[in-house]
Structures are given as structure tokens and as C-alpha cells.
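# Tertiary structure, described
The chain contents come next:
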Amino acid sequence: LIFMETEVKIEISPDQFVRLSEQTDFLKVSKEDIYYSKFNTKAERIENNEPLVRIRKSNSDYYFTTKIKNIVDGIERNLERETKIDDRFVIESFLFDTGYHIYFQKSKEGFKKTIKEDDYEINIEIFVVSCNNKQKVYFEIEVVSDKLLNSKAIELLKEKVSSFGLDFDKRDERSWISIFEN
């Protein structure tokens, strides 16, 4: 699949996590992400226009993804190419053989809800995100569509964030790597 996603994430408290997860018909989900790179620093990756390369385990399924990330005003607009894979070790071996190494790892435990419309899909996630023995709690929402204008996707994000009683202006524009560096 090739698609555009427009997304924001907002750090929330553990109490908000409980309140939001009880609020609607969320499904329990766990995700384990391993990011790969040919470079050692974010600056090198940016200088060389390297897309994000990821293998994700979502519940019991594996996905291989490349992502070209663009953040403007705390809103991500990403071009993603993603496919389900049967054997992550084949892809991982290929990556290692072509000069990639493990760059970053994180896991997410929480809840997800998907709303499907004709021209777009909205994914709402409430997660405890773990990395480097640290944990943070986040509300994450994305609009996935190749048909919607960016302005319409942002309007949908604002509307949905507000419907959960959260402040759209408190979005966290940092990447997961930056969030867990400190």
C-alpha cells in the first residue's frame, strides 16, 4: 500500500489514558517498532534524504514500511509505503546485508479505533509508549487518504481531537526518537 497520512500526537496523563480508553469502542493493540538506518545520526539521515525504514509487529502480524516524513507546525504529513510480511528475518537480513543497522526501537501498548469513510480513514490510538526504559503516554490520531486535501485532513484532526476533550494546540511535534532522547 502507498498512502498519505496526516497525524498529530499529544502527550496525556495516565488518568487521561484511563478515561479516554473507557470512553469508546477501542480495541486492545500492541506494537513493536524497529527502525533501521545506514547512518548514525538524525542530521546524517536528513542530509542524505534517507526515508524512515521500519519493521513493525502489530499484535501477531509484521509490516515493512518506508516513510518520507514532513512536519509543519507540529503536524506530520507522511508518504508511507507499507506491506505485510510473513518473515521479518528475511527483510531484516536484506537490510543488514545492504548496510542498514538498527537505529531506534520502541513499543506501544494500548488501544486503537479506526473510523472508515469513503475518501479517508481515521486511526485513533491511546498508548503507553516505551523506549530506553522510559515510558510516556500519548494520544495519537491520523487521517489516511490520498484524496483529501491537507487542509481538510487537518480540519478532521482538530475536530476529532476536540471531541476527546483534548487541546489540538498541545500537539507534540517531536519525533519519537527526539521524545526519548532526553
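A brief report on the enclosed structure follows. (Residues numbered from 1 in each chain as written. Predicted model: local features only at pLDDT ≥ 70, side-chain atom pairs only at ≥ 80, totals over all residues. Heavy atoms only, no water.)

Moving on: the nonpolar core. Counting 25 residues, the largest nonpolar core has Ile 12, Ile 124, Phe 139, Ile 141, Val 143, Val 161 and Leu 166 as its most contacted members. Elements that contribute at least two residues to this core include exactly strand S1 (2-11), helix H1 (14-23), strand S8 (121-131), strand S9 (134-144) and helix H4 (150-163). Element by element, the count of residues in this core is highest for H4, at five residues. Not counting chain neighbours up to four residues away, the residues in contact with Ile 12 comprise Phe 17, Leu 20, Ile 126, Val 137, Tyr 138, Phe 139 and Leu 166. Membership of the second largest hydrophobic core comes to 13 residues, among which are Val 29, Cys 131, Ile 177 and Phe 180. (Core = buried A, V, L, I, M, F, W, Y, C linked by side-chain atoms within 4.5 Å. Buried < 20%, exposed > 50% of the residue type's maximum accessible area, 1.4 Å probe, protein only. Helix = DSSP H or I, 4+ residues; strand = E, 2+ residues; numbered from the N terminus. Contact = heavy atoms within 4.5 Å.)

On to the pairing of strand S4 (residues 61-68), then. Of the strand pairs in this sheet, strand S3 (residues 52-58) and S4 are connected by seven bridges, and their pairing is antiparallel. In the strand pairing of S4, Lys 57 is matched with Tyr 62. Linking S3 to S4, which pair antiparallel, is a turn of two residues; within it Asn 59 sits at a positive phi near 55°. In the sheet, S4 pairs with strand S6 (residues 75-85) via seven bridges, with the strands oriented antiparallel. (Pairing = 2+ DSSP bridges.)

Take the environment of Phe 104 next. Topologically, Phe 104 is positioned in strand S7 (residues 101-116). Considering only alpha carbons, one finds Phe 104 and Ser 37, 67 residues apart in sequence, at a separation of 8.8 Å. With sequence-adjacent residues up to four places away left out, Phe 104 is seen in contact with Asp 33, Ile 34, Tyr 35, Cys 131, Trp 176 and Ile 177.

Read these as spatial facts, not as claims about activity.
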